[in-house]
Amino acid sequence: MDAGSMAAAGPPVRRDWRAEALATLRLAGPIVLTNLSQMALALTETILLGRLSTDALAAGMLAVSLHFALLAPGFGLALAAAPLQAQACGAGRLPGVAARGWVRAVRRATRAALWACAIMLLPTWALLWESAGVLRALGQDPALAALAQDYTRAAMFGMPGFCGFVVLRGFLAAMERPAAAMWVAFGAVALNLPLAWLLIFPAGLGVLGAGLAIAIANIGMLLALVVLIRRDRVFRRFRLFGRVWRVDGPRLREVFVVGLPIAGVMLLEIGVFTAAAFAMGWFGTVAVAAHAIAIQTASATFMVPMGIGQAATARVGLAIGAGDPRGAQRAGWVAVTLGAAFMATMALLLVTTAPAIARMFLDPADPQSAAVAALGATLLMIAGAFQMGDGIQVVAAGALRGLKDTRVPMLFAALGYWGIGLPFGLLVARYGGLGPQGVWIGLGVGLALVAGMMLLRWRRLSAAAAQEVSRSPAG
């Protein structure tokens, strides 16, 4: 390359960061679209239930909150597959590594994650089957609790499908071919919308129909991805489903060691929003319905940095597996920057369009719709204020997972969400006179604190790994 060409290409460091940004976006794009598609399943059902009645919307919100809180342990163990799969794939790039060895490592990680999810879902099902009693014990209206149980008893049968889909999606991300999961998720949305409408309205099943539709969609996603993987020439060589009944004790233990803290973080984060939903029950049906609007919208924007964080897990894991901690450091910071930039844009959007968004969820003929829309718009503006913190914490956590660092982030989540954020929110809600708005202010405070702690830990660990290489003779 001549001097002119080198000048046009730019400094090597800048080219490295630009190349990493492009690689992250290529990987994150399909993952983000997959997340948004999965979010669309719940979002479309929320809109349909809102058209049915305010009570159906409130019951659906309680049901979905409990469903995802109890899904968190299985979901966390499913996510644990991603760093194990990515580091195994990264090791396969090292010179002298036998293909057979790293292919087997990927297969063992995938199978063990599937087993771990199955083990974790059994107690979850027992609780969801009696969810009405759980909700009543948490102070919810008995009528809403009974309606919510209709949803959870149907939706719980889709949990294995969802967790299995997440495990296989991690495999595809580690192989840097996530598009198949995206197309499957799109197909699930296309199936769910008309199916949910048919079951909720013409079939007259209401909330129960919404639960059945989401279960069918989740099972369908897993089956479709299994078929695609088995038919692909490259993926077939991994034989992911061969002798899947065999329990791999050592790798299963590794999944639990890495995955239980991830599950803890998921449970703490989902749990704090579930607790917020239950706290809304203290302020009446209008508050619960308004919270449903705000949380569904904020969750939709959250899917993008969550996908970037999942891409960061794969990119960091691949670099670590390949013995390139400087590349891992660069991958994490690029992902954090992308996530923060997106959420800054979403913050502006939510603050400026909150009333219009709130009205989208409601039937104008419902006598309570005006009150729900007004409160929902206020909560959406508060949600806009903590978008940056929400995005940074999830991307930084994803980067840390690529390093298999999961225990300390779980402690950060416990302190930020439950030690400070939620108690502060409940305090200003009940005794500071802020009501539902106070609960959401507390959520924002907790997210900001967790974001700061996650970012500082990523900075320290990634810099330490890079400096270690600099000190080595090879470095």
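Up top you'll find the structure we're talking about.
Residues numbered from 1 in each chain as written. Predicted model: local features only at pLDDT ≥ 70, side-chain atom pairs only at ≥ 80, totals over all residues. Heavy atoms only, no water.

A count of helices and strands for the protein chain gives 17 helices and zero strands. Taking all contacts inside the protein chain whose residues are at least 6 apart in sequence as the whole, residues at least 24 apart take part in 85%. By element, 68% of the accessible surface of the protein chain is carried by carbon and sulfur atoms, the whole surface being about 18900 Å². Across the protein chain, the centroid of the 37 positively charged side chains sits 12 Å from that of the 19 negatively charged ones. (Helix = DSSP H or I, 4+ residues; strand = E, 2+ residues; numbered from the N terminus. Contact = heavy atoms within 4.5 Å. Areas by Shrake-Rupley, 256 points an atom, 1.4 Å probe, with all protein chains shown as cover. Lys, Arg positive; Asp, Glu negative; His and termini not counted. Charge placed at Lys NZ, Arg CZ, Asp CG, Glu CD.)

Taken as a whole and judged by the stated rule, the model has seven salt bridges. The residue E254 makes a salt bridge to R251 at a minimum N-O spacing of 2.9 Å. With E254 and R251 both in helix α11 (residues 249-280), this residue pair falls three residues apart, about one helical turn. Taking the relative accessible area as the measure of exposure, E254 reaches 23% and is therefore partly exposed. (Salt bridge = Lys/Arg side-chain N within 4 Å of Asp/Glu carboxyl O. Buried < 20%, exposed > 50% of the residue type's maximum accessible area, 1.4 Å probe, protein only.)

The next thing to look at is the packing of aromatic side chains. Inspection of the entire model under this criterion finds seven aromatic pairs. Arranged with centres 5.1 Å apart and planes meeting at 70 degrees, the rings of F75 and F162 form a pair that is edge-to-face. Of the two residues, F75 sits in helix α3 (residues 54-91) while F162 sits in helix α7 (residues 159-174), which places them 87 residues apart along the sequence. Taken together, a centroid distance of 6.4 Å and an interplanar angle of 45 degrees make the contact between W197 and F201 tilted. (Phe/Tyr/Trp six-rings, centres within 6.5 Å; stacked < 30°, edge-to-face > 60°.)

Turning to α7, a few remarks are in order. Helical periodicity: at 3.6 residues per turn, an α-helix aligns residues three or four positions apart in one direction. Under the 1.5 Å per step criterion, the end-to-end length of α7 is 23 Å for 16 residues, consistent within 8% with the ideal 22 Å. The element α7 is extensively covered by neighbouring structure, given that 15 of its 16 residues are classed as buried. After α7 finishes, the residue E176 shows a positive phi value of roughly 60 degrees. (Expected span 1.5 Å × (residues − 1).)

Right, let's get into the environment of A210. Structurally, A210 can be placed in helix α9 (residues 207-231). Given a relative accessible area of 0%, A210 falls into the buried group. On a C-alpha basis, the gap between A210 and G139 in space is 24 Å, while along the polypeptide they are 71 residues apart. Residues within four places of A210 in sequence aside, it is in contact with E45, L49, Y151 and I200.

Let's shift gears to the environment of P305. For P305, the position within the fold is in helix α12 (residues 285-321). Contacts of P305, omitting those with residues within four sequence positions, involve F342, M343, G391, V394 and V395.

The grouping of L415, I420, F424, L434, I441, V445 and L449 at the surface amounts to a nonpolar patch, some 500 Å² of accessible area in total. Of all the elements in the fold, those that place two or more residues in the nonpolar patch are α16 (407-430) and α17 (436-471). Position of I420 relative to the elements: it lies in helix α16. (Patch = residues over 30% accessible without salt bridge, like charges linked within 9 Å, V, L, I, M, F, W, Y side chains within 5 Å.)

The next subject is helix α8 (residues 179-200). Compared with an ideal rise of 1.5 Å per residue, which puts 22 residues at 32 Å, α8 spans 31 Å between its outermost C-alpha atoms and is within 8% of the ideal. Of all the positions in α8, only A181, M182, V184, A185, A188, N192, A196, L199 and I200 are classed as buried.

Residues R104, R239, R243 and R246 make up a contiguous surface patch of positive charge. Inspection of the secondary structure puts R243 in the loop between α10 (233-236) and α11.

Let us look at the packing of α7 against α8. Packing of α7 against α8 leaves a shortest axis separation of 8 Å and a crossing angle of 145 degrees. Residues F165, R169 and L172 of α7 pack against A180, A181 and V184 of α8. Each residue belonging to the contact of α7 with α8 can be placed in one class, and the counts come to five nonpolar, no polar and one charged. (Axes fitted to C-alpha atoms, helices over the stretch in contact; angles between N-to-C directions. Nonpolar A, V, L, I, M, F, W, Y, C, P; charged D, E, K, R; others polar.)

The subject of this paragraph is the environment of A290. Its location among the elements puts A290 in helix α12. Separated by 47 residues in sequence, A290 and T337 have C-alpha atoms that sit 31 Å apart. The contacts of A290, once residues within four sequence positions are left out, are V372, L375, G376 and L379.

This model, assessed by the stated rule, comprises zero disulfides. For the unlinked cysteine C117, the closest cysteine sulfur is that of C163, found at 4.6 Å. A relative accessible area of 4% places C117 in the buried class. A relative accessible area of 1% means that C163 is categorised as buried. (Disulfide = S-S within 2.5 Å.)

What follows concerns unusual backbone geometry. At E176, a position not held by glycine, the phi torsion is positive, near 60 degrees. Along the polypeptide, E176 turns up in the loop between α7 and α8. On the accessibility criterion, E176 (33% relative accessible area) is partly exposed. Its identity as a non-glycine residue notwithstanding, R239 has a phi of 45 degrees, on the positive side. Its location among the elements puts R239 in the loop between α10 and α11.

Helix packing for two helices is described by the angle between their axes and how far apart those axes are. Where α11 meets α12, the closest approach of the two axes is 8 Å, and the angle between their N-to-C directions is 160 degrees. Taken together, the axes of α11 and α12 lie roughly antiparallel to each other. The handedness of the crossing between α11 and α12 is right-handed. Of the residues in α12, those touching α11 at E269, F273, A276, A277 and M280 are A287, V288, H291, I295 and F302. Partitioned by chemical class, the residues of the contact of α11 with α12 number eight nonpolar, one polar and one charged. (Parallel < 35°, antiparallel > 145°, perpendicular 65-115°, else oblique. Left-handed = near helix turned anticlockwise from the far one by under 90°.)

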